[in-house]
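# Report on the structure
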Amino acid sequence: MKTALTIAGSDTSGGAGIQADLKTMTMNGVFAMSALTALTAQNTVGVQGIFEVTPEFLGMQIDSVFTDIRPDAVKVGMVSSVELISVIAEKLTAYQAENIVVDPVMVATSGAKLISDDAVSALKEKLLPLAAVVTPNIPEAEVLSGMKIESPEDMVKAAEKISKDYRCAVLCKGGHSMNDANDLLYHDGTYQWFNGKRIDNPNTHGTGCTLSSAIAANLAKGHDLATAVERAKEYISGALAAMLDLGAGSGPMNHAFDLKEEYCK
């Protein structure tokens, strides 16, 4: 069985972060492992508290995974401090980790900034050059490229700049009023559009975490990047189309929509 590691924060409500990553990786056929960057107290309405782990302890978690069950792919989610970013980059480099997917969580859907300028700089300098693919949404792609994105053509230009600057493939995610969830993959000097299915579901908590984890799982299984993205988008469409409705705010998707085995009964 192929394996994947998620390095991200915990979400008490189970819809995003480590919990979404583990569910997604499991449902996409790999053995999922985790290293926590932070504990959060959060639900579908918002985040009530954050307790960040120390850089030393994060390093120990990554060591524990790589020295025993080596992951075939790694997904890196929200990391809010320079020190944690530095430890992740140091460890992934030392272990020569493969198939690294970086979800650069920097800007909330509301437009609020989630990490400091120093942490953004560390992310650009230390983590992005290690990535097989980085998966920014429109506001995050604007930060990484230094460009304003107002059209699909702008998405192509921004993705090209990010790819050249940091030597990685870029999946620039649509939505954010740009288009019908159409995503752009820029890789090796060429680009490809992946058209999304517009699903009228307000419960979208954790979609970014889920998509990046599904891509990592498919890379772990040996799929090429374009196939991994295509399969990941099909999976997230299915999870949204299941129309799970939990919580008072923007609720989670049903990550287990395709689970039909005996023990679910």
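Everything here concerns the structure above.
Residues numbered from 1 in each chain as written. Predicted model: local features only at pLDDT ≥ 70, side-chain atom pairs only at ≥ 80, totals over all residues. Heavy atoms only, no water.

### Side note on the overall build of the protein
Helices and strands together make up the secondary structure of the protein, namely eight helices and nine strands. In terms of overall dimensions, the protein is globule-like: its C-alpha atoms have a radius of gyration of 17 Å, near the 18 Å expected for 265 residues. Reported as C-alpha extents along the three principal axes, the dimensions of the protein are approximately 50 × 45 × 40 Å. Residues classed as buried in the protein amount to 52% of the 265 residues present. Counting contacts in the protein only where the partners sit at least 6 residues apart, residues at least 24 apart contribute 68% of the total. Of the roughly 12,000 Å² that the protein leaves accessible, carbon and sulfur atoms contribute 52%. Charge centroids of the protein, computed over 21 positive and 32 negative side chains, lie 2 Å from each other. (Helix = DSSP H or I, 4+ residues; strand = E, 2+ residues; numbered from the N terminus. Rg over C-alpha atoms; globule rule 2.2 N^0.38 Å. Buried < 20%, exposed > 50% of the residue type's maximum accessible area, 1.4 Å probe, protein only. Contact = heavy atoms within 4.5 Å. Areas by Shrake-Rupley, 256 points an atom, 1.4 Å probe, with all protein chains shown as cover. Lys, Arg positive; Asp, Glu negative; His and termini not counted. Charge placed at Lys NZ, Arg CZ, Asp CG, Glu CD.)

### Observations regarding the side chain of His205
Tracing the sequence through the fold places His205 in the loop between β9 (190–194) and α7 (207–220). A distance of 2.9 Å separates the side chain of His205 from the side chain of Asp11, its partner in a polar contact. Apart from the residues within four sequence positions on either side, His205 is in contact with Asp11, Ser13, Gly15, Ala16, Gln42, Ser250, Gly251, Pro252 and Met253. (Polar contact = N/O pair within 3.5 Å; in protein donor to acceptor, adjacent residues only side chain to side chain.)

### Re α7
Taking 1.5 Å as the rise per residue, α7 with 14 residues should run 20 Å; its terminal C-alpha atoms sit 20 Å apart, in good agreement. Where burial is concerned, most of α7 is hidden: 13 out of the 14 residues are buried. Positioned one or two residues after α7, Gly222 has a phi angle of 100°, which is positive. (Expected span 1.5 Å × (residues − 1).)

### Some thoughts on helix α8 (residues 225–241)
With 17 residues, α8 should reach 24 Å at 1.5 Å per residue; the first-to-last C-alpha distance of 24 Å fits that figure. Listing the buried residues of α8 in full gives Leu225, Ala228, Val229, Ala232, Lys233, Tyr235, Ile236, Ser237, Gly238, Ala239 and Leu240. Where α8 is buried, its residues meet α1 (17–27), β6 (133–134), β7 (169–172), β8 (183–187), β9 and α7. Looking at where α8 begins, the residue whose side-chain oxygen comes 3.2 Å from the main-chain nitrogen of Ala226 is Asp224. At the exit of α8 stands Met243, carrying a positive phi of roughly 55°.

### Some details on a nonpolar patch on the surface
A cluster of nonpolar side chains, namely Met1, Phe31 and Ile69, defines an oily patch on the protein surface of about 340 Å² accessible area. Inspection of the secondary structure assignment puts Met1 in the segment before β1 (3–9). Relative accessible area serves as the criterion here: at 78%, Met1 is assigned to the exposed category. (Patch = residues over 30% accessible without salt bridge, like charges linked within 9 Å, V, L, I, M, F, W, Y side chains within 5 Å. Salt bridge = Lys/Arg side-chain N within 4 Å of Asp/Glu carboxyl O.)

The quantities given are spatial measurements derived from coordinates; they are silent on function.
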